[in-house]
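Structural characterization, general
Each chain is listed here by its residues.
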Amino acid sequence: MSGFLNGKTDQEIIDRITDGIVATYDQVLIKIDGTNAVKKSIIPNNKVVLISGGGSGHEPGHYGYIGENMLDAAIMGPIFEPPSPSQIFKVIQETYNNQGSLLIIKNFEKDVNNFLEAEKRAVATGMKVDHVIVNDDCSIESSSYKQRKRGVAGSVLVHKILGGAASKGLSLAQLVKLGKQVVDQTRTLGVSFSNASTISNKSAQYKLAEDEMFFGIGIHGEPGYRKETMQSSERIALELTNKLIQQYKKNNIKKLAIMVNGLGSTPLLELSIFMSEVMDFLDINHLGVDFKLMGNFLTAYDTAGLSLTFVNLKDEKWLAYLNEPTDAFGWNH
């Protein structure tokens, strides 16, 4: 943990994050009073409002995806913890425009419970609110409630597709249907190269020797499915690419969108090498890529590592939505 965080409580950290983002992008973003939430300076009145959020420590998520053809608001909780139902409810209230509100939720127990409780309160007051739950992490195969597929970096691509669709005038019901279809075609796997960083009161959940790596880790420092001695970029790309391809029936993969996502402290140089290896393996498998993204999009504070996301683009419109321009700073960094 760096000196920037020394002596600061969780609440002080998230307050400062919010203030810093708003101060930097004050021409397009404003803070919602009484919350750690940020919204567009002008909420459109002719489209469904898109809201997402979760714990802090994942920057540029989630504030970084507020913008044209993406989110309209985002709310942050403490480090790796979701915001409270009361704060989420206030965001729904403060951004409501009678077209409806869509909550995009990552599949963690606390996140789901808190966002759905806020949705319940909003619906009880007469507002039209619904949700999409993103569960793209395919390193957890169990279907139990405690060990379910987590929502990780694929949520960024879901934000973009649904954001583009909302701007085209899709209704709340249509967006929910589309969101479920996109989530069903989205898969992510991650790998770390060092111990998960300690931040605030969050202790490391696993340890790695200097020559070890861990496949299948989570964005909150959760352990993965297999430790190995450090391997080459080619070997790592082979593992992640093959496991992701296996998630689909190969003949059903039409067009792919892929995202190489850094977890916080992996240099762009290394992400670029990994991207090159992934593209080689996809070429060997005769799988074309119609959309590519590389950088830090949903981090785990400053974890050394990366994740790879595939979206099987089953509809040409999904690709069009991904290519719609946006001023969201996290997408364009």
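Residues numbered from 1 in each chain as written. Predicted model: local features only at pLDDT ≥ 70, side-chain atom pairs only at ≥ 80, totals over all residues. Heavy atoms only, no water.

As named in an unreviewed UniProt entry, the protein chain is DhaK domain-containing protein, taken from Alloiococcus otitis ATCC 51267.

**A closer look at the packing of helix α4 (residues 154-167) against helix α5 (residues 172-184)**
The N-to-C vectors of α4 and α5 enclose an angle of 150°; their axes lie 10 Å apart at closest approach. Taken together, α4 and α5 sit at an angle that is classed as roughly antiparallel. For the pair α4 and α5, the sense of crossing is right-handed. Contacts from Val 158, Ile 161, Leu 162, Ala 165 and Ala 166 in α4 reach Leu 175, Leu 178, Gly 179, Val 182 and Val 183 in α5. A class-by-class count of the residues in the contact of α4 with α5 yields 9 nonpolar, 1 polar and no charged. (Axes fitted to C-alpha atoms, helices over the stretch in contact; angles between N-to-C directions. Helix = DSSP H or I, 4+ residues; strand = E, 2+ residues; numbered from the N terminus. Parallel < 35°, antiparallel > 145°, perpendicular 65-115°, else oblique. Left-handed = near helix turned anticlockwise from the far one by under 90°. Contact = heavy atoms within 4.5 Å. Nonpolar A, V, L, I, M, F, W, Y, C, P; charged D, E, K, R; others polar.)

**Considerations on the sheet that holds strand β1 (residues 29-32)**
One open sheet accounts for 6 strands, arranged β1-β2-β4-β3-β5-β6; its pairing is mixed. The strands lining the two open edges of the sheet, one partner per strand, are β1 and β6 (129-134). Strand after strand, the sheet turns through a mean of 25° between neighbouring axes, direction not considered. Across 3 bridges, the pairing between strand β2 (residues 37-40) and strand β4 (residues 73-79) is antiparallel. By the bridge assignment for β4, Val 38 is matched with Ala 74. (Pairing = 2+ DSSP bridges.)

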